[in-house]
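# Observations on the model geometry
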Amino acid sequence: MPTRTVITQPFADQKPGTSGLRKKVTVFQQQHYLENFVQAIFDSIAAPQGATLVLGGDGRFYNRHAIQVILKMAAANGFGRVMVGRGGILSTPAASCVIRKYKTFGGIILSASHNPGGPEGDFGIKFNSSNGGPATETVTEAIFAKSKSLSQYRILEVGDVQIDAIGNSVLGEMTVEVIDPVADYTELMKSLFDFPAIKALLADGFRIKFDAMHAVNGPYAVEILQRMLGAPADSLMNIIPLEDFGGGHPDPNLTYAHDLVEIMYGDNAPDFGAASDGDGDRNMILGKHFFVTPSDSLALLAANATVVPAYKKGLAGVARSMPTSAAVDRVAQALKIPCYETPTGWKFFGNLMDAGKVTLCGEESFGTGSDHIREKDGLWAVLFWLNILAAQRMPVAKIVYAHWARFGRNVYSRHDYEGLPNEVAEGVMSHIQGNFSKLSGLSFGKYTVKYCDDFSYTDPADASVSAKQGVRIIFTDGSRIVFRLSGTGTEGATLRVYLEAYDADVANHTLDAQLALAELIQIAQQISELKKRTGREQPTVIT
Ligand code: G1P
Ligand code: ZN
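Numbering of residues starts from 1 in each chain and follows the order in which that chain's sequence is written. For this description, chains carry letters from A and ligands carry numbers from 1, given in the order in which they are written. Side-chain atom pairs in this predicted model are given and counted only at pLDDT of 80 or more, local residue features only at pLDDT of at least 70, and totals for whole chains, interfaces and linings cover all residues. Values shown for side chains rest on all heavy atoms present in the structure; no hydrogens or waters enter the calculation.

## Re the sheet that holds strand β5 (residues 106-110)
- Taken in spatial order, the seven strands of this open sheet run β2-β6-β5-β3-β4-β9-β8, and their pairing is mixed. If you trace the sheet from one side to the other, it starts and ends with β2 (21-24) and β8 (167-171), each paired once. On average, each strand axis in the sheet is tilted by 20° relative to the strand beside it, whichever way the strands run.
- Should DSSP find at least two bridges between two strands, the strands are taken to pair. Under the DSSP-based scheme used, a helix requires at least four consecutive residues in state H or I and a strand at least two consecutive residues in state E, with every element numbered from the N terminus. Of the strand pairs in this sheet, β5 and strand β6 (residues 122-128) are connected by four bridges, and their pairing is antiparallel. Counted as the bridge partner of G107 is N128 from β6.
- Here helix α3 (residues 63-76) sits on the sheet in contact with β3 (52-57), β4 (81-89), β5, β6, β8 and β9 (174-179), set at roughly 170° to β4. Throughout, an axis means a line fitted to C-alpha atoms (over the contacting stretch in the case of helices), and angles, computed between N-to-C directions, take values from 0 to 180 degrees. Contacts are residue-level and defined by heavy atoms, with any inter-residue pair within 4.5 Å sufficient.

Following this line, the structure appears as structure tokens:
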């Protein structure tokens with residue numbers, strides 16, 4: 001079959017962020033744009049002739065087109081086999097699972113995660129290595145460098161390949177193997193959790209509601225929650241994956257998963273609620289009239305891990321991203337296991353897991369996971385919670401209260417200022433960066449600054465240093481304010497302010513996080529001059 005070498009012009013804007021290259025669909029639709037980046041990947045990863053690749057995405061608009069392009073380019077670039085999820089579908093955790101299970105050279109995942117989809121929405125692409133996790137910074141830097149200098153790419157000149165029926169077909173010298181996108185992942189989940197116990201819990205009338213947000217996890221949830229664990233059909237909502245996620249914003253938080261939130265806070269609310277995002281790696285956990293913060297969820301999973309068969313021998317260690325609350329640190333201390341603090345983004349956890357240093361990890365941004373794969377995992381978190389609930393047979397809120405009574409509560413909230421002009425957001429950050437060194441020792445009401453820094457991390461695996469990961473202002477009582485700019489937005493800049501206050505005496509204090517954090521919110525305003533510099537009275541999203 002004829003391989004065509006196409007002359008392309010390099011693009012200057014293909015720098016992969018913490019989660020790959022994310023752009024508007026309209027950007028990806030420019031001539032040669034996708035092809036240029038894919039060739040840059042192939043030129044950077046040094047795959048041996050005949051290597052196997054995994055390929056799939058979250059099914060958003062442009063997914064099917066990109067799958068065809070990548071298959072034809074993989075064939076023209078010497079790959080021997082591509083395992084592609086049926087219909088071009090693989091959730092991010094499922095892709096990680098398949099890469100590891102079949103020991104492939106790596107995989108390409110098509111997703112813009114929780115960003116909206118459709119012709120006006122976002123698209124994304126990233127390369128995951130043979131450990132199943134996002135490529136290292138060295139690799140993504142090499143891809144970026146290539147993308148800026150490429151002058152040609154290789155593609156097979158053939159018609160489209162069928163990807164909608166399981167089985168093999170041939171593309172040039174390469175085999176295209178269409179796999180069931182759900183089967184391998186389901187098998188892995190079954191091997192980790194106590195399915196009979198969860199099944200019994202549901203059979204006893206424990207009511208759940210899972211919102212797939214018209215995103216990739218719908219079919220996974222139907223197979224696992226409904227078919228295998230026996231949850232009634234009406235326990236699941238928005239299970240049909242749609243190219244534009246039904247017009248919604250597939251981000252499982254209190255703002256964007258409002259339909260589920262309304263049900264969980266309404267009359268006759270179910271006992272447990274959960275949602276996952278566009279590509280299935282994020283999760284939100286709710287009880288009846290109760291929201292579990294992701295930071296608390298991570299701490300609670302760590303504290304109760306031994307009820308889950310896969311973790312019954314205990315945890316090697318835990319890790320959290322720097323802006324995530326220190327709730328899990330307290331659990332680690334009690335369990336006498338190490339706790340690592342990493343920069344934002346999942347790839348830092350991967351190195352710790354590959355080195356056997358941590359078993360569980362998580363981020364405040366609704367991402368939780370373990371060493372079963374090298375991505376965060378939404379349904380895994382849901383099953384972990386159900387396993388704990390099956391063991392404890394207590395309401396979600398009671399389990400959390402009991403946790404706080406034992407460890408204290410790290411009251412937590414994140415305030416996002418989205419869509420700021422880049423120069424305004426950078427102005428706020430440089431103002432803070434220019435001033436934080438003067439804050440040490442200063443008192444603001446009852447809070448005294450212990451120290452401040454711009455977070456820097458040295459990876460214990462390869463000694464690589466990631467600097468300027470966000471400014472931390474740490475107070476003498478352990479409370480914190482963190483400022484950082486988002487690395488995943490596609491429109492303007494997003495400034496994130498993370499607020500955390502430690503409360504050792506929960507029983508006597510308000511449960512309302514915004515109230516409890518009011519003083520810290522004021523201090524954050526004062527230090528950052530946020531209102532003056534952005535003209536914004538309120539954050540866009542509060543979680
Ligand atoms: C956000 C989250 C971060 C997460 C990333 C990818 O990145 O804050 O925790 O790893 O999405 O899901 P940010 O936009 O803050 O750079
Ligand atoms: Zn995601």
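## Considerations on the packing of helix α10 (residues 294-304) against helix α13 (residues 378-392)
- Viewed as axis vectors pointing N to C, α10 and α13 meet at an angle of 55°, and their least axial separation amounts to 11 Å. Looking at the two axes, α10 sits oblique to α13. Considering only the axes of α10 and α13, their crossing is left-handed. In this structure, α10 contributes S297, L300, L301 and N304 to the contact, and α13 contributes W380, F384, W385, I388 and Q392. Note that the term roughly parallel is reserved for angles under 35 degrees, roughly antiparallel for angles over 145, roughly perpendicular for angles of 65 to 115, and oblique for everything else. Should the near helix be turned anticlockwise from the far one by less than a right angle, the crossing is left-handed, and should it be turned clockwise, the crossing is right-handed.

## Some points on the coordination of the zinc ion (ligand 2)
- As a rule, N, O and S atoms within 2.8 Å of a metal are its donors, except that Na, K and Ca use 3.2 Å; water is not among the atoms, so sites may look incomplete. All of the protein donors around the zinc ion (ligand 2) are S113 (OG), D277 (OD), D279 (OD) and D281 (OD); their distances to the metal are 2.0 to 2.1 Å.
- Site shape is set this way: if four donors have all angles between 85 and 135 degrees, tetrahedral; if opposite donors are over 155 degrees apart and all others between 65 and 115, square planar for four donors and octahedral for six; otherwise irregular. Note that the zinc ion (ligand 2) binds four donor atoms; their angles at the metal cover 87 to 161°, and the shape is irregular.
- For the zinc ion (ligand 2), all donor residues lie on one chain, and their spacing in sequence is S-x163-D-x1-D-x1-D. Linking S113 in the loop between β5 and β6 with D277 in the loop between β12 (272-276) and β13 (283-287), this pair joins segments that are 164 residues apart in sequence. D277 matches S113 in its accessibility class, with the two residues each being buried. When accessible area is computed with a 1.4 Å probe and restricted to protein chains, residues below 20% of their type maximum are described as buried, those above 50% as exposed, and intermediate ones as partly exposed.

## Side note on unusual backbone geometry
- Look at H32: it is not a glycine, yet its phi comes out positive at around 70°.
- Residue position: H32 is located in the loop between α1 (25-28) and α2 (33-45).
- On the basis of relative accessibility, which here comes to 12%, the residue H32 falls in the buried class.
- The phi torsion at H214 lies on the positive side, around 55°, for a residue other than glycine.
- With respect to the secondary-structure elements, H214 resides in the loop between β10 (208-211) and α8 (217-228).

## Some words on the sheet that holds strand β20 (residues 443-444)
- With antiparallel pairing, seven strands are arranged side by side in an open sheet as β20-β21-β24-β25-β26-β19-β27. Only two strands of the sheet have a single neighbouring strand rather than two, namely β20 and β27 (541-542).
- Across four bridges, strand β24 (residues 471-475) lies against strand β25 (residues 480-485) in antiparallel orientation. By the bridge assignment, V471 is partnered in β25 with F483.
- Here helix α15 (residues 422-435) sits on the sheet and contacts β19 (409-420), β21 (447-454), β24, β25 and β26 (493-503); the angle it forms with β25, its principal contact strand, is near 140°.

## Focus: the nonpolar core
- By nonpolar core we mean a set of buried residues, namely Ala, Val, Leu, Ile, Met, Phe, Trp, Tyr and Cys, connected to one another through side-chain atoms within 4.5 Å. Within the largest apolar cluster, 74 residues are counted, with the highest numbers of intra-cluster contacts made by M189, F193, F272, W380, F384, W385 and L386.
- Among the elements that make up this core, the one with the highest residue count is α13 (eleven residues).
- The residues contacting F272, other than those within four sequence positions of it, are F206, R207, I208, K209, M264, I285, L286, V382, W385, L386, L389 and V396.
- Among the nonpolar cores identified, the runner-up in size contains 46 residues, and V25, F28, L53 and I155 belong to it.

## Observations regarding the side chain of D279
- By the secondary structure assignment, D279 is in the loop between β12 and β13.
- Asp and Glu are treated as the negative residues and Lys and Arg as the positive ones, with His and the ends of the chain left uncounted. Each reported salt bridge corresponds to a side-chain nitrogen of Lys or Arg within 4 Å of a carboxyl oxygen of Asp or Glu. Although D279 is buried, it makes no salt bridge; R22 carries the closest opposite charge, 5.9 Å away.
- We define a polar contact as two N or O atoms separated by no more than 3.5 Å, with the added condition that, inside protein, one atom must be a possible hydrogen donor and the other a possible acceptor, whereas residues neighbouring each other in sequence contribute only through side-chain atom pairs. At a separation of 2.6 Å, a polar atom in the side chain of D279 contacts the side chain of T92.
- Not counting residues within four places of it along the chain, the set of residues in contact with D279 comprises D58, S91, T92, P93, S111, S113 and V216.

## A few points about the pattern of salt bridges
- The tally for this structure, following the rule as stated, stands at 30 salt bridges.
- Between K15 and E141 there is a salt bridge, with the nearest N and O atoms lying 2.9 Å from each other. With a gap of 126 residues between them, K15 in the loop between β1 (3-7) and β2 and E141 in helix α5 (residues 137-147) connect regions that are remote in the sequence.
- By relative accessible area, K15 is classed as partly exposed at 45%.

None of this, on its own, says anything about what the molecule does.
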